[in-house]
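# Descriptive structure summary
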Amino acid sequence: MPKSSQIKKLQKELELEVSDLPLAKSASDIVHGEGSVDSEIVLIGEAPGYHESVQRRPFVGRSGQLLRKTLIAVGLQPETVWISNIVKVRPPENRDPTPDEILAFRPYLDKEIEIISPKIIVTLGRFSMGKFLKDVRISQVHGRLHKIKWQRKILFILPMYHPAAALRSTKMKQSFLADFEKIKKILKWIDSQEESIQLESNIADTLL
């Protein structure tokens, strides 16, 4: 089944199971991921905000506009990447998602990642970073590539500040842009390591 069909099926399943999910009262509360299902890059945020809940699109508010402008600035069109969140429904008053809410939506995000199978996952903020990297501070690891074993695969994680944080100061915004400028170089490096990465994945699959 084509990736686009798999994603549509997954999104439909999420809408049908809305009554079992926290935060959501109806399918219209869900904000699905969007972009290219064939992308080498998946960006994962924390949860939709007000503007995202109204438009039912991820990262369209003020911080989302910064994210999209930054992508364009480094030569990446927003529609050519996949953008999603760990929680698919806006928490009240834009509060932080709770561990239970993150857990409830985890199977859908995991399936998104599995379907798209990106070369690199860019985590935006500490909550999405925490999905893959435990017991680290984002101020210490942002912009540094991490290779992990996840779901029988080798994944490359690039943690970054959330764009909302980048809006708070000029220094943070400059750091945000500098981290994004690394993406294309990292993709080229991953391509050069593809054979050894595949070997590692096969070994991991055998051991797990």
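See the structure printed just above.
So, here's what we can say about the structure. (Residues numbered from 1 in each chain as written. Predicted model: local features only at pLDDT ≥ 70, side-chain atom pairs only at ≥ 80, totals over all residues. Heavy atoms only, no water.)

## Remarks on the overall build of the protein
Along the protein, the regular secondary structure elements total ten helices and six strands. For 208 residues, the compact-globule estimate of 2.2 N^0.38 gives 17 Å, and the C-alpha radius of gyration of the protein, at 17 Å, lies within 12% of that figure. Each principal axis of the C-alpha atoms in the protein carries an extent, and together these give about 45 × 45 × 30 Å. A total of 208 residues make up the protein; the buried ones form 47% of that total. Of the contacts formed within the protein by residues at least 6 apart in sequence, a portion of 70% connects residues at least 24 apart. Of the roughly 11,100 Å² of accessible surface on the protein, a fraction of 51% belongs to carbon and sulfur atoms. (Helix = DSSP H or I, 4+ residues; strand = E, 2+ residues; numbered from the N terminus. Rg over C-alpha atoms; globule rule 2.2 N^0.38 Å. Buried < 20%, exposed > 50% of the residue type's maximum accessible area, 1.4 Å probe, protein only. Contact = heavy atoms within 4.5 Å. Areas by Shrake-Rupley, 256 points an atom, 1.4 Å probe, with all protein chains shown as cover.)

## Notes on the packing of aromatic side chains
For the structure on display, the rule yields three aromatic pairs. Aromatic side chains Phe132 and Trp150 sit 5.9 Å apart centroid to centroid with 65° between the ring planes, which places their arrangement in the edge-to-face category. Here Phe132 is found in helix H5 (residues 126-132), whereas its partner Trp150 is found in strand E5 (residues 146-150), with 18 residues between them in sequence. Taken individually, Phe132 and Trp150 each receive the classification buried, so the pair is uniform in this respect. (Phe/Tyr/Trp six-rings, centres within 6.5 Å; stacked < 30°, edge-to-face > 60°.)

## Let's talk about empty space enclosed by the protein
One pass over the full model with this rule turns up one cavity of 30 Å³ or more. In this structure, the largest cavity occupies an estimated 60 Å³ of space. As for the largest cavity, its lining consists of Ile7, Leu10, Gln11, Leu14, His32, Gly33, Lys88, Tyr108 and Glu112. Looking at the lining of the largest cavity, the elements with two or more residues in it are helix H1 (3-16) and helix H4 (99-116). At four residues, H1 tops the list of elements feeding residues into the lining of the largest cavity. For the lining of the largest cavity, the residue count by class is four nonpolar, three polar and two charged. (1 Å grid on protein atoms, 1.4 Å probe; cavity = no way out; pocket = protein on both sides within 12 Å on 5 of 7 lines; lining within 4 Å. Points joined across faces, edges and corners; volume = space filled by probe spheres on them. Nonpolar A, V, L, I, M, F, W, Y, C, P; charged D, E, K, R; others polar.)

## Quick look at the layout of surface pockets
Its boundaries defined by the atoms lining it, the largest pocket holds a volume of some 600 Å³. Considering the residues around the largest pocket, the lining is formed by 28 residues, among which Glu46, Ser63, His162, Ala164 and Arg168 are closest to the centre. Tallying contributions element by element places helix H2 (residues 50-55) first for the lining of the largest pocket, with three residues.

## Re helix H9 (residues 183-192)
All buried positions along H9 are accounted for by Ile183, Ile186, Leu187 and Ile190. With its buried residues spanning 100° around the axis, H9 presents them on a single face. Exposed residues pointing more than 90 degrees away from the buried face of H9 are listed as Lys185, Lys188 and Ser192. (Arc of directions from axis to C-beta.)

## So, the side chain of Arg68
Relative to the assigned elements, Arg68 resides in helix H3 (residues 62-73). By relative accessible area, Arg68 is classed as buried at 15%.

## Observations regarding the nonpolar core
One broad trend across soluble globular proteins is that nonpolar side chains are buried collectively. Ranked by internal contacts, the top residues of the largest apolar core, which has 57 residues, are Ile41, Leu43, Leu67, Leu124, Phe132, Phe180 and Ile183. Residues contacting Leu67, with those up to four places away along its chain left out, are Leu43, Phe59, Ile83, Leu124, Pro163, Phe176 and Phe180. (Core = buried A, V, L, I, M, F, W, Y, C linked by side-chain atoms within 4.5 Å.)

## Considerations on the pairing of strand E2 (residues 41-45)
Of all the five residues making up E2, five are buried; the element is thus mostly covered by neighbouring parts of the structure. Residues Ile41, Leu43 and Gly45 point to one face of E2 and Val42 and Ile44 to the other, with burial holding for every one of them. Pairing of E2 with strand E4 (residues 120-124), which is carried by four bridges, proceeds in the parallel orientation. What sits directly across from Ile41, in E4, is Ile120. Bridge count for E2 against strand E3 (residues 82-85) is four bridges, and the pairing is parallel. Counted as the bridge partner of Leu43 is Ile83 from E3. (Pairing = 2+ DSSP bridges.)

Keep in mind that these numbers describe shape and distance, not what the molecule does.
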